[in-house]
Amino acid sequence: LRASFAPRAEKQAQNFENRLQPRASTFKVAVLGAAGGIGQPLALLIKMSPLVSALHLYDVANVKGVATDLSHCNTPSEVLEFTGPSELSNCLKGVDVVVIPAGVPRKPGMTRDDLFNINANIVKTLVEAVADNCPDAFIHIISNPVNSTVPIAAEILKQKGVYNPKKLFGVTTLDVVRANTFVAQKKNLRLIDVDVPVVGGHAGITILPLLSKTRPAANFTGQEIEELTVRIQNAGTEVVEAKAGEGSATLSMAYAAARFVESSLRALDGDTDVYECSFVQSELTELPFFASRIKLGKNGVEAVISSDVQGLTEYEAKALEALKPELKSSIEKGVAFAQKQA
Ligand code: NAD
Ligand code: LMR
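Here the structure is a predicted model, which means the values were calculated and not measured.

On to helix H8 (residues 222–233), then. Taking 1.5 Å of rise per residue, 12 residues should cover 16 Å, and H8 covers 17 Å from first to last C-alpha, within 8% of that figure. Residues of H8 that are buried: Leu-228, Thr-229, Ile-232 and Gln-233. Buried residues of H8 fall within an arc of 130° about the axis and therefore sit on the same side. Along H8, exposed side chains directed more than 90 degrees from the buried face belong to Gln-223, Glu-226 and Val-230. As for H8, its buried residues are in contact with helix H7 (173–187), strand E7 (198–200), strand E8 (207–209) and helix H9 (235–243).

Structural data, given as structure tokens:
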């Protein structure tokens, strides 16, 4: 029995290791908040990327163990740990992509905006260091409330004279991941095929899945549209309640963030067919930031896909108008915070 299994197992192992061989171009990625609920599994997933040569893990505490543990995986990238503000600059020097999941998560009964007072300062401090040490890097903001932390980051980068709107991203990939999962389940579709654009922002009704743009095309009843939209909008709260005080989504978030990192690295590596949804500076609506599908290239956002918000159904068009006041005020809150600190 053992003998008959051996060649197969060996072949699988070879394939797995082959997939992890270094590629011609490789990149340095930093995770800020790497010892946290998202940071740890995200670091593991990034450690598996063949496009990464160095993984820099930063946190205010407990990151040494995470880095030592990860460094034993026989994948190509080198893992380096950086603890506390005195090591932040070194963590960021020469980095191509910076991912920021640092900050506090929600507990049941809280909105993402309730995190503003703590997380706004954390994001501000970290983005200041990014501006000083790796202003050309792609910056992925995960810390909530994303609808405000991305505008804060933009203002800080402007104050430092290094703002490049094409390289600042609010990570909304989890909304797409959830929409794809729930739609595939509901319509009995092959998960791998399903793609639902999610636009707007990343909180409550500002999360707007465009079910009419689902690929492959699917027909939904009015009731299905209502149920799916509400479930996607409340999916974060669904996890917060299930975790009952122990935090919010970490594993699905790490998966989604790793997908966005991998897409960014593929774009940096010259792949010309990379599309993701993200909360970015945008002229798609009258709001200065808006999540939509974007085309990623070597220099960041190459195009914002405007067709997504054209030809909306009546339900989607109404929901788009309804989300604008909340999104506008969250953006303005972030901008006002950063300008007051200047
Ligand atoms: P967590 O508390 O488990 O981890 C946060 C980590 O950040 C901790 O290790 C902490 O030490 C670290 N940290 C705190 N202050 C820091 C600082 N100044 N510099 C560096 N690191 C610092 O929380 P989590 O579950 O990983 O969630 C992190 C954030 O991500 C929360 O704000 C949460 O709301 C947000 N989140 C966003 C999405 C999204 O879709 N964008 C999804 C899930 C969670
Ligand atoms: C999510 O969507 O899971 C995150 O924004 C975390 C949260 O607070 O819901």
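A separate point is the site of ligand 2. Close to ligand 2 lie Pro-105, Arg-106, Arg-112, Asn-144, Leu-174, Gly-236, Val-239, Val-240, Ser-248 and Ala-249. Examining the composition of the shell around ligand 2, we find that 3 residues originate from one element, H9, more than from any other. Of the residues in the shell around ligand 2, the class split is 5 nonpolar, 3 polar and 2 charged.

Close contacts around ligand 1 come from 33 residues, with Gly-33, Gly-36, Gly-37, Ala-102 and Asn-144 the closest. Counting residues per element, the shell around ligand 1 draws most heavily on helix H5 (residues 116–133), which supplies 4 residues. Of the residues belonging to the shell around ligand 1, the class tally is 18 nonpolar, 13 polar and 2 charged.

What follows is about the nonpolar core. If you look at the biggest cluster of nonpolar residues, it comprises 102 residues, and the most contacted ones within it are Val-29, Val-31, Leu-57, Val-98, Ala-153 and Ala-257. Ranked by residue count, the leading element in this core is helix H10 (residues 251–268), at 10 residues. When sequence neighbours within four positions are dropped, the list of residues in contact with Val-29 reads Ile-46, Val-52, Leu-55, Val-95, Asp-96, Val-97, Val-99 and Val-261.

This part covers the packing of H5 against helix H6 (residues 146–159). Where H5 meets H6, the closest approach of the two axes is 9 Å, and the angle between their N-to-C directions is 35°. Remark: the crossing between H5 and H6 carries right-handed chirality. In contact with Phe-116, Asn-119, Ala-120, Val-123, Lys-124, Val-127, Glu-128 and Ala-131 of H5, H6 contributes Ser-148, Thr-149, Ile-152, Ala-153, Ile-156 and Leu-157. Considered class by class, the residues forming the contact of H5 with H6 number 9 nonpolar, 3 polar and 2 charged.

With numbering matched to this structure, UniProt assigns "domain: Lactate/malate dehydrogenase C-terminal" (unreviewed entry) to residues 172–337. Within the segment residues 172–337, helix and strand shares are 47% and 17% respectively, and the terminal C-alpha atoms sit 22 Å apart.

Glancing now at H5. With 18 residues, H5 should reach 26 Å at 1.5 Å per residue; the first-to-last C-alpha distance of 25 Å fits that figure. In this fold, the buried residues of H5 make contact with strand E1 (27–32), helix H4 (88–92), strand E4 (97–100), strand E5 (138–141), H6 and helix H11 (314–341).

A few words on the environment of Leu-57. Checked against the element boundaries, Leu-57 lands in strand E2 (residues 52–59). Here the alpha-carbon distance between Leu-57 and Leu-174, two residues 117 residues apart in the chain, equals 22 Å. If near-sequence neighbours (up to four positions away) are discounted, Leu-57 is found in contact with Val-31, Ala-34, Ala-43, Val-63, Val-66, Ala-67, Val-79, Glu-81 and Phe-82.

On to the UniProt feature "domain: Lactate/malate dehydrogenase N-terminal" (unreviewed entry) in the chain. As recorded in UniProt, the feature "domain: Lactate/malate dehydrogenase N-terminal" (unreviewed entry) lies at residues 28–170. Across residues 28–170 one finds 38% helix and 21% strand; the C-alpha atoms that close the span lie 20 Å apart.

The subject of this paragraph is the confidence of the model for the chain. The pLDDT averaged across the chain works out to 94; a share of 93% of its residues lies at or above 70. pLDDT under 50 marks residues 1–12. Its contacts with residues more than four places away, or in other chains, come to 0 contacts. Interface confidence for the predicted complex, expressed as ipTM, amounts to 0.99; the pTM equals 0.95.

Parameters at a glance
- Residues numbered from 1 in each chain as written.
- Chains lettered and ligands numbered in written order.
- Predicted model: local features only at pLDDT ≥ 70, side-chain atom pairs only at ≥ 80, totals over all residues.
- Helix = DSSP H or I, 4+ residues; strand = E, 2+ residues; numbered from the N terminus.
- Expected span 1.5 Å × (residues − 1).
- Buried ≥ 20, exposed ≤ 12 C-beta atoms within 10 Å, placed from the backbone.
- Arc of directions from axis to C-beta.
- Contact = placed C-beta atoms within 7 Å.
- Near = placed C-beta within 6 Å.
- Nonpolar A, V, L, I, M, F, W, Y, C, P; charged D, E, K, R; others polar.
- Core = buried A, V, L, I, M, F, W, Y, C linked by C-beta atoms within 7 Å.
- Axes fitted to C-alpha atoms, helices over the stretch in contact; angles between N-to-C directions.
- Left-handed = near helix turned anticlockwise from the far one by under 90°.
- UniProt positions renumbered as here; feature names shortened; annotations may be inferred.
- pLDDT = per-residue confidence, 0-100.

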